[in-house]
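# Understanding the architecture of this molecule
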Amino acid sequence: MNIVVCIKQVPDTTEIKINPATGTLIREGVPSIMNPDDKGGLEMALRLKDLYGANVTVITMGPPQADAILREAFAMGVDRTILLTDRKFAGADTLATSNALAAALKCLDYDLIITGRQAIDGDTAQVGPQMAEHLDLPQVSYVVDLKYEGRHVIVKKETEDGYQMLEAETPCVLTVLASANQARYMTVSGIMEAFDKEVEIWNVSKINVDEAKLGLAGSPTRVKSSFTKAQKGAGQVYEVDAEEAVGIIISKLQEKYII
Amino acid sequence: MDFSLTKQEELFLKMIREFAEKEVKPLAADVDEEERFPMETVEKMGKIGLMGIPVPKQYGGQGGTNQIYTMAVEELSRVCATTGVIVSAHTSLCIAPILENGNEEQKMKYIPKLASGEWIGAFGLTEPNAGTDAAMQQTTAVDAGDKWILNGSKIFITNSGYAHVYIIMAMTDKSLGTKGISAFIVEDGMPGFSVGKKEKKMGIRGSATCELIFENCEVPKENLLGNLGKGFGIAMKTLDGGRIGIASQALGIAQGAMDETVKYTKERKQFGKSIASFQNTQFQMADLETKIQAARLLVRSAAYKKDQKLPYSADAAMCKLFAAETAMEVTTKAVQFHGGYGYTREYPVERMMRDAKITEIYEGTSEVQRMVIAGKLFK
Ligand SMILES: Cc1cc2nc3c(=O)[nH]c(=O)nc-3n(C[C@H](O)[C@H](O)[C@H](O)COP(=O)(O)OP(=O)(O)OC[C@H]3O[C@@H](n4cnc5c(N)ncnc54)[C@H](O)[C@@H]3O)c2cc1C
Ligand SMILES: Cc1cc2nc3c(=O)[nH]c(=O)nc-3n(C[C@H](O)[C@H](O)[C@H](O)COP(=O)(O)OP(=O)(O)OC[C@H]3O[C@@H](n4cnc5c(N)ncnc54)[C@H](O)[C@@H]3O)c2cc1C
């Protein structure tokens, strides 16, 4: 069984600062991590490897520094890593990102493609589903559990008010939540060997893709404006029992004419 | 001279800090309060390789360096000194002497299971009448043809009761003094071996410290470790390595107390200002921070020499002496900066101060470290 997991390097913060002049993210000084949902997806793949001896490949599209999350993936136990990197990918929106990734995936063998549900920086949750469309594969998003049965998978999909059990034919694309599992730690020997292994560097020439669909040129999205949310004022803390608390809440709501 | 971390060290720190924060720290207060050996943590550590870091892959180890091993003990001890010493005694006092002195059969039999954490290791040198003066061994081992018969007792043995493998020093020929001491590999369950009373301690209370009893204990002939009469040298060399581990434990405790104190003094307000804003706090904390960093560099340098196979005996003594005294000073002052709250178990610095003290005592008291350092100086 071959599994490809798409992972993204993201800044380690949910409170991303935006440069007010340019409207772009300020990434300097913010440590980078493997996107949490992607780690959940990677763990799911590694569990299939533990169970069935699956071959796990990880791919990321990003700048050369994204090498760090691929080393981490090696130390967690993946077999192969690919860094898709080229200036021509720069400035990609979700469509251009999914075009590039889908083209790279076409060069690989897979029974399952796993992505995170959502990246904590871009936050769109679009890349996985878009890729599935480009590759014309079945897709299930918001996956929290998975049973592999060869020709098909049975997945548990989380919804707002419960979950669904779905069956999908393989190969398919699954987008996974961080809450699906607790990702394993890197092992010490994995860390010792991670830097001796080869991260394959792929550029545009390595994949078969229409360059007009990549990078800024291939991105129909235009940022009209962006802003940092205004800070909420400090709240007031009352340490009281439930009954008194209800009274306080009611009177506050009345003060503000909400009730 | 290069003081920067290698890529492996950086990645390791990222992993171990997360592990310590999520898996070890939440148990620390309970492990102390209940005097509970954190077996569940040992299992988790075994899985990710923390029980066999500086062990070659051919013996089922992780192929890591001593440098990375010291970082592991430091980061674990930063949140729980009990967990730190479990790893240190297991690795430095049991795995290391087998790796360094064992024959191929002994290594193949014991190291893989120790390195994976399936078995825990311990080391027994100290006896009721042989503490600092370790040469005064009264435990005897008599050659009985196909086996050794051990009689005597050991006290204060770390990991005992939970360990499966014990490195035990015993007299094989009293007339030869230290040259009559030999080392043995004793397994839990060997006839005549038992674990006695468990100590109630000031600190590292989750760590098991017990008496070991040998009553006509039968040890297979092939379990002599190293040559006959070489036990004292093996023990001293083992302790040289162990001291780097204990120095790392002390360093971790000091760093943990520093972390807590920085956080607390910034939050706590008196006279309308944070405690951290008082110059007394700032100057004292600056001195402590400097000592912690100096201790860390001594540890790094000793571990570097061990990795490079250079002589490191005095370096190990220096890093242990300095790190242990730093840990005691930092934790004592950490309690002071916490005021009355620091004296209660609401805050971890109370535990850290109790934990720090042992680092000045075991694997050679601070006086012994001074003897080792002076010994080199006046050689
Ligand atoms: C400065 C800046 C400007 C941006 N401007 C725009 C813009 O104008 N329009 C726009 O639409 N977007 C914009 N983005 C968002 C950017 O295009 C997205 O980060 C990227 O396309 C992925 O989308 P996402 O982060 O929402 O990922 P999601 O769709 O939330 O990610 C879902 C999953 O897809 C996979 N995945 C996503 N990205 C990658 C990757 N690079 N490599 C491998 N796997 C991946 C991961 O498994 C991830 O969990 C901008 C981002 C930045 C930093
Ligand atoms: C929690 C704990 C765990 C331990 N774990 C282990 C273990 O796993 N294995 C093991 O073998 N041992 C272990 N020990 C034993 C420990 O190493 C000894 O306690 C230590 O070496 C000191 O020996 P002692 O207690 O007999 O003190 P003593 O030797 O009686 O010393 C008492 C005091 O006299 C000082 N002193 C002694 N001789 C001199 C001298 N010549 N000059 C100046 N001062 C001197 C000492 O420094 C000390 O301050 C452990 C001890 C404890 C408390």
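As a starting point, this report considers the structure included with it. Because the structure is a prediction, the values reported are computed rather than measured. (Residues numbered from 1 in each chain as written. Chains lettered and ligands numbered in written order. Predicted model: local features only at pLDDT ≥ 70, side-chain atom pairs only at ≥ 80, totals over all residues. Heavy atoms only, no water.)

Of the regular secondary structure elements, chain A holds 6 helices and 11 strands. Principal axes of the C-alpha set define a box for chain A whose edges measure 65 × 45 × 40 Å. The buried share of chain A, reckoned over its 259 residues, is 43%. Here chain A contributes 26 positively and 36 negatively charged side chains, and the mean placements of these two sets differ by 4 Å. (Helix = DSSP H or I, 4+ residues; strand = E, 2+ residues; numbered from the N terminus. Buried < 20%, exposed > 50% of the residue type's maximum accessible area, 1.4 Å probe, protein only. Lys, Arg positive; Asp, Glu negative; His and termini not counted. Charge placed at Lys NZ, Arg CZ, Asp CG, Glu CD.)

Turning next to the pairing of strand β1 (residues 121-124) of chain B. All names here are of chain B. Residue alternation in β1 divides its side chains into two sets, Gly121 and Phe123 and Ala122 and Gly124, and both sets are buried. In terms of strand pairing, β1 meets strand β4 (residues 165-171) through 4 bridges, oriented parallel. When the bridges of β4 are listed, glycine 121 appears paired with valine 165. (Pairing = 2+ DSSP bridges.)

Residue and element names in this part refer to chain B. Around ligand 2, 18 residues are found, and the nearest of them are Thr126, Thr132, Phe156, Thr365 and Glu367. Threonine 132 places a polar side-chain atom, nitrogen or oxygen, 2.6 Å from an oxygen atom of ligand 2. Within the side chain of glutamate 367, an N or O atom sits 2.6 Å from an oxygen atom of ligand 2. Isolated, ligand 2 exposes 960 Å² of accessible area, and the fraction of that covered by the protein chains is 63%. Contributions of two or more residues to the shell around ligand 2 are made by β1, β3 (147-158) and α10 (366-377). Tallied by class, residues from the shell around ligand 2 come to 8 nonpolar, 7 polar and 3 charged. (Near = heavy atom within 4 Å. Polar contact = N/O pair within 3.5 Å; in protein donor to acceptor, adjacent residues only side chain to side chain. Areas by Shrake-Rupley, 256 points an atom, 1.4 Å probe, with all protein chains shown as cover. Nonpolar A, V, L, I, M, F, W, Y, C, P; charged D, E, K, R; others polar.)

This brings us to the site of ligand 1. Residue and element names in this part refer to chain A. Within the structure, ligand 1 sits among 29 residues, and Cys6, Lys8, Asp38, Ala92 and Thr124 are positioned closest to it. Note that an oxygen atom of ligand 1 is positioned 2.8 Å from one of the backbone N or O atoms of glycine 116. Between glycine 122 and ligand 1, the recorded distance is 3.4 Å, taken from a backbone N or O atom to an oxygen atom. Within the complex, the protein chains bury 84% of what would otherwise be the 930 Å² of accessible surface of ligand 1. Elements that contribute at least two residues to the shell around ligand 1 include exactly β4 (55-61), α3 (94-106) and β6 (112-116). Residue composition of the shell around ligand 1, grouped by class: 11 nonpolar, 11 polar and 7 charged.

It is worth spelling out the packing of aromatic side chains at this point. Inspection of the entire model under this criterion finds 9 aromatic pairs over all chains. Seen from their ring centres, tyrosine 52 of chain A and tyrosine 148 of chain A are 5.9 Å apart, and the 50° between their planes marks the pair as tilted. Of this pair, tyrosine 52 of chain A sits in helix α1 (residues 36-52) while tyrosine 148 of chain A sits in strand β7 (residues 139-148), placing them 96 residues apart in sequence. Aromatic pair tyrosine 166 of chain B and phenylalanine 193 of chain B: ring centres 5.0 Å apart, planes at 55°, arrangement tilted. Of the two residues, tyrosine 166 of chain B sits in strand β4 while phenylalanine 193 of chain B sits in strand β6 (residues 193-198), which places them 27 residues apart along the sequence. Classification of tyrosine 166 of chain B as buried rests on a relative accessible area of 0%. Exposure remark for phenylalanine 193 of chain B: the relative accessible area of 10% places this residue in the buried category. By the ring-pair criterion, three or more aromatic residues cluster together here, those being Tyr166, Phe193 and Phe214 of chain B. (Phe/Tyr/Trp six-rings, centres within 6.5 Å; stacked < 30°, edge-to-face > 60°.)

Residue and element names in this part refer to chain A. For β6, the tally of buried residues reaches 5 of 5 residues, placing the bulk of the element in the interior. Residues Leu112, Ile114 and Gly116 of β6 are buried on one face, and the alternating residues Ile113 and Thr115, pointing to the opposite face, are buried as well. Both strand β1 (residues 2-6) and β6 contribute to a ladder of 4 bridges, which runs parallel. In the sheet register, isoleucine 3 faces β6, and the bridge partner there is leucine 112. In this sheet, strand β10 (residues 172-176) lies alongside β6 in parallel orientation, the contact comprising 5 bridges.

Moving on, we come to a nonpolar patch on the surface. Residue and element names in this part refer to chain A. A cluster of nonpolar side chains, namely Val246, Ile250, Ile258 and Ile259, defines an oily patch on the protein surface of about 380 Å² accessible area. Along the chain, the position of isoleucine 250 falls in helix α6 (residues 242-255). On the basis of relative accessibility, which here comes to 37%, the residue isoleucine 250 falls in the partly exposed class. (Patch = residues over 30% accessible without salt bridge, like charges linked within 9 Å, V, L, I, M, F, W, Y side chains within 5 Å. Salt bridge = Lys/Arg side-chain N within 4 Å of Asp/Glu carboxyl O.)

What follows deals with the pattern of salt bridges. Residues and elements named next belong to chain B. The full count for this structure, using the stated rule, is 45 salt bridges over all chains. As a salt-bridge pair, lysine 306 and glutamate 100 come within 3.4 Å of each other at their nearest N and O atoms. In this pair, lysine 306 sits in helix α7 (residues 279-307) while glutamate 100 sits in helix α4 (residues 81-101), placing the two residues 206 residues apart along the sequence. For lysine 306, a relative accessible area of 18% gives the class buried. Here lysine 291 and glutamate 329 are joined by a salt bridge, their closest N and O atoms 2.9 Å apart. Residue lysine 291 is found in helix α7, and its partner glutamate 329 is found in helix α8 (residues 313-342); the two are separated by 38 residues along the sequence. Each of the salt bridges in this network shares a partner with another, and the network as a whole consists of Asp32, Glu33, Glu35, Lys200, Arg205, Arg345, Glu350 and Arg354.

Okay, the sheet that holds β6 of chain A next. Residue and element names in this part refer to chain A. A sheet is described by the order of its strands in space; here 9 strands give the open sequence β9-β8-β7-β10-β6-β1-β4-β5-β11, paired in mixed fashion. Of all strands in the sheet, those bounded by a partner on one side alone are β9 (162-169) and β11 (199-202). Strand-to-strand, the axes of this sheet are offset by a mean angle of 35°, without reference to chain direction. Where β7 and strand β8 (residues 152-159) come together, 5 bridges link them in antiparallel fashion. Counted as the bridge partner of tyrosine 148 is valine 153 from β8. (Axes fitted to C-alpha atoms, helices over the stretch in contact; angles between N-to-C directions.)

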